[in-house]
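# Per-entry structural report
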Amino acid sequence: MQAFRTVRGRLLFWVLAVTVPIYAAALYMSYQATAERLEAGAARDADELAARLAADIDTVIRPIEGGIRTVAHQLEEVNPPPEQYALRIHGILNAWPEVYGSTIAAEARAFAPYYYRRAGLIAYADLASASYGYATLPWYRRAADTLQPVWSAPYFDAGGGETWMITYSVPFFRAGREGKRELAGVVTADLALDWVRSSAARVRLPPFTAGWLASPPSAHDFITPIGNADVRGAAAVRPAAEDMLSKGRTFGFVREEANGEASYLAVRNLQTLQWRLMLVMSRSQLLAEARAVLRRQLWLGAAGLVLLVAAISFVATGVSRPIRRLADAVGGAKDGDLDFPLPQARRDETGVLTAALARLRDSLKQHVQLRAASIAAESRLEHELQIAASIQQSMLPRRAANPLPPGVEVAAALIPARRVGGDLYDYFTLRDGRLLFAIGDVSDKGIPAALFMARVSGLIRVLGSAGEPPEKILAELNEKLAEGNEACMFVTVGCGTLDAADGRLRYASAGHDAPLLRRPDGSVTELPTDNGPAIGIEAHVEYVATETRLASGETLVLFTDGVTEATARDGAALGVDRLGKLLGQAGAERLVQGVLAALNDGMTGYHVDDDLTLMAISRTQPPQRHCFEPDLANDGVRQALAWLRGVLATHVDAARITDAELIAEELLTNLARVARERGPVRVSMECALAAAEILLVFRDDAAPFDPLAQAAPRLTDDIHARSVGGLGIHLVREIANDVRYTRERGENVLEVRLNRKTEEA
Amino acid sequence: MSLKIITDPDKPTTLALEGRLDTHTAPELEQALDRMLMSAGIRRLVFDLGKLEYLSSAGVRCFVRARKILEPVGGKIAIVNPQPAVQKVLDIVKAIPAGGVFKSVAELDAYLDEMQRKVREGE
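Summarised in this report is the structure supplied together with it. (Residues numbered from 1 in each chain as written. Chains lettered and ligands numbered in written order. Predicted model: local features only at pLDDT ≥ 70, side-chain atom pairs only at ≥ 80, totals over all residues.)

Counting its secondary structure elements, chain B contains four helices and five strands. Counting over 123 residues, chain B shows a buried share of 36%. Expressed as a percentage of contacts within chain B between residues at least 6 apart in sequence, the contacts between residues at least 24 apart total 69%. (Helix = DSSP H or I, 4+ residues; strand = E, 2+ residues; numbered from the N terminus. Buried ≥ 20, exposed ≤ 12 C-beta atoms within 10 Å, placed from the backbone. Contact = placed C-beta atoms within 7 Å.)

Every contact between the two is made by 18 residues of chain A and, on the other side, 20 residues of chain B. Of all elements in the fold, only helix 14 (636-648), helix 15 (654-678) and helix 16 (727-735) of chain A reach the threshold of two or more residues within the side of chain A that touches chain B. The element that contributes the greatest number of residues to the side of chain A that touches chain B is helix 15 of chain A, accounting for six residues. Partitioned by chemical class, the residues of the side of chain A that touches chain B number eight nonpolar, four polar and six charged. (Nonpolar A, V, L, I, M, F, W, Y, C, P; charged D, E, K, R; others polar.)

It is worth spelling out the sheet that holds strand 24 (residues 625-628) of chain A at this point. All names here are of chain A. The strand order across the open sheet formed by five strands is 24-25-26-28-27, and the pairing between neighbours is antiparallel. Each end of this open sheet is capped by a strand with a single partner; those strands are strand 24 and strand 27 (738-744). Strand-to-strand twist in this sheet, taken as the mean axis angle between neighbours without regard to direction, amounts to 15°. Here seven bridges tie strand 25 (residues 683-689) to strand 26 (residues 693-700), and the two strands are oriented antiparallel to one another. Considered in strand 26, the bridge of E686 is made with V697. (Pairing = 2+ DSSP bridges. Axes fitted to C-alpha atoms, helices over the stretch in contact; angles between N-to-C directions.)

On to the sheet that holds strand 19 (residues 524-526) of chain A, then. Residue and element names in this part refer to chain A. Here we have five strands laid out as an open sheet, ordered 13-23-22-18-19, and antiparallel in their pairing. Both outer strands of the open sheet, strand 13 (408-415) and strand 19, are each paired with one neighbouring strand and no more. For this sheet the average axis-to-axis angle between neighbouring strands, irrespective of direction, equals 20°. Here three bridges tie strand 18 (residues 516-518) to strand 19, and the two strands are oriented antiparallel to one another. From the neighbouring strand, R518 faces strand 19, where its bridge partner is V524.

Attention shifts here to helix 1 (residues 7-78) of chain A. Because the α-helix completes a turn every 3.6 residues, residues three or four places apart line up on one side. Residues and elements named next belong to chain A. In this model helix 1 runs 104 Å from its N-terminal to its C-terminal C-alpha over 72 residues, within 8% of the 106 Å that 1.5 Å per residue would give. Bending of helix 1 peaks at approximately 35° at the position of D58. A positive phi of about 50° marks N79, the residue just after helix 1. (Expected span 1.5 Å × (residues − 1). Bend = angle between axes of the 7 residues up to and from the residue.)

Before going further, it helps to examine unusual backbone geometry. Residue and element names in this part refer to chain A. Despite not being glycine, L147 shows a phi value in the positive range, around 60°. Within the secondary structure layout, L147 lies in the loop between helix 3 (138-146) and strand 4 (150-151). On the neighbour-count criterion, L147 (13 C-beta atoms within 10 Å) is partly exposed.

This brings us to the packing of helix 16 of chain A against helix 2 (residues 57-70) of chain B. Put simply, helix 16 of chain A and helix 2 of chain B touch, their axes get as near as 9 Å, and they point 125° apart. Relative to helix 2 of chain B, the element helix 16 of chain A lies oblique. Considering how the two elements wind past one another, helix 16 of chain A and helix 2 of chain B form a crossing that is right-handed. Mapping the contact onto sequence places L727, G728 and L731 of chain A in helix 16 of chain A and S57, V60 and R61 of chain B in helix 2 of chain B. Taken together, the residues that form the contact of helix 16 of chain A with helix 2 of chain B break down as three nonpolar, two polar and one charged. (Parallel < 35°, antiparallel > 145°, perpendicular 65-115°, else oblique. Left-handed = near helix turned anticlockwise from the far one by under 90°.)

Residue and element names in this part refer to chain A. The biggest cluster of nonpolar side chains holds 72 residues, and the ones touching the most others in it are V187, L213, L265 and M278. The greatest single-element share of this core, amounting to twelve residues, is contributed by helix 1. If we ignore the near neighbours within four places in the chain, the residues touching M278 are G211, W212, A214, A234, V237, A241, L265 and V267. (Core = buried A, V, L, I, M, F, W, Y, C linked by C-beta atoms within 7 Å.)

Once that is clear, we can look at the packing of helix 14 of chain A against helix 15 of chain A. Packed helix pairs are characterised by how far apart their axes lie and by the angle those axes make with each other. All names here are of chain A. Closest axis-to-axis distance for the helix 14/helix 15 pair is 10 Å, and the angle between their directions is 155°. By the angle class used here, helix 14 and helix 15 are roughly antiparallel. The crossing of helix 14 and helix 15 is right-handed. Every residue of helix 15 that contacts helix 14 at G636, V637, A640, L641, L644, R645 and L648 is listed here: I657, A660, E661, A664, E665, L668, T669 and A672. In terms of residue class, the contact of helix 14 with helix 15 is built from ten nonpolar, two polar and three charged.

Okay, here's the thing in structure tokens:
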């Protein structure tokens, strides 16, 4: 049904679906009308023919009938003696040549002279002979019995005329006794039927027609063909004709048994003699004209349909081709290429569509251009935001570049709600060894907050480095930020100092949430603070610091409201109390990671839509320092390694112990070689186990030598170029997280730091 | 450290090292190596480090020396089955060229079979 999906296909289908049945109906009706007209014509022809034949026959019969009846009348009037009958008979024969023979048969006695024509002469026969016995013969008996003139049925006159005949018998009477009319005899006239045959044969039948003239059914049917018809055909139609006559019908069908061809049969009764005229017309021949007309009309109709289809196709193509061209043009626009040409606009609906599409294409193009420009702008902005985010991250303190005072552990996390945020934290070791820390939360989020944050961050660094106490830092910060604060932004800041040695904690707050204090037993309290106004709102504010002591093992937890306002699934904010319950882990790093994990937990997770900052400051036990002085000349390396294993055992995992051992072995082996080559060297070795790292310090009183200044060994695969020595220092530098060399008070000092955990690299 | 020398006529000489190979034990290995490499015409030497727990640069030097002796005469050394701590040291100092370290004896055997096949085929 592919064709049905096109305009042309549908148009063709529906137009033909309507026109073809109408046309067929018209054809059928026209054919019927023609056939009826032809049938009516045939019936009329049959009538005319019957009338003509009847007239032909009547012109012969009527005078003869009249004549014979006149003779019978005269015989009654005159009552001549039988001897005069011959004269009368001759009169009859002379008057009507059609009369073949005639007799006057007497009733009273057997007397019946019969004269008939033979070879141009008049012959005589006596019908009263014993062998003939006319009184019982039908021609005499019927007239004598009915006392009416009668025509006999046709008969073959064997022994008489030797031909088909009919006989007209008219009774004549005489006045009998008591004045009654009584039968005197019968006058007859024999008509040979040859003239009927020739008369019938002379008739010209219409084409395709056969006809017969037949006597009423009797023992000897007389049937003669009309025109040049074959007499044998009559037998087939005779029963049907009689049937029709009995039903009073004159026109009907017969089906020829031989070939099954249907034919019309017209039957007429002739007025005289009760003879029948039967006409058979071949139906197919009769209707040939109707069929010819039908064929002509069919050809005409077919031609009309072809023209119609062509016209529809032409019109439909005219409609669909521009549409298709349009579709192809628009469909050819690949990958957002909107420069496709549209076909020439026509002056019809397709033209309207083309114009509309052109407008659509142009406005789409414009839109795409605008969109591309805005995407470019967006990506530029996005790129800038990315850089801004990394700059902001770089403002946060990094552990490596920021050695903490011993006994203090700090961990922090800042997660901006957007690419950049307004939270900040900072911590660094002051010149006097104290730790300065600060946390802040700028009002608002995003870029404005980030810019403000950068300023706050920088100021805290500057003010903090100058050695100001926390409350002064806040006051100064406020002075600087409150003046010309057009944007009316403000920041809450918590700032404090921690003395790692004795745990003294000085803390001042500018509108910031009070930090939490976690004790070694896991209990959590709020740090008592004297909270001042947020920074940037009004100038000239004095802040008051509170002093407490952070005991060993205690952790100070600072946070911004992004943490406490994180919403749980039930919609409730996390809050300070629940945050306190999350501080299960001891140690700053683990505590921060624990809280973050709890916030991100898939099941109980919290939704955070503000910048989030969490900072934990733990005061750990000051690391214990272990000292050992190996006697290098006396198997000192082996003893030193055994001692080191003892110190680290159970505190550090095996892989890290091996690393520490390796470092110690390499360094001590080198020193042992120096001692062997240049004389005794006094070596001391120190090991300190901090919360996160292992510190190894090697001191020796040998000549100044910075192993870190040595060139790295060549480690090529080429064994010839490869150095055999120098591998030890290389190993140390690769394994240690930090190695520093100093020369102090006549000693080489090498500080090696090793994280307690191996990095999973 | 304990040192086991396994010789199999079909396979290269294998030195199975166990325990620690450090400043103190390295000389022991060094002597053993010198004895082996000077006397027998060994071309291929395999160090099975499956049970070696500790390796310092002194030990690494032994491997490098072995290479210095063997490689100029077309020999080769292979390391089999190093433990993570030992592997780490080997990685840092790059003492054994890539392709000289095998995860297991089976891997080494497969490699040696391949080499032999190539030699037989005249490559």
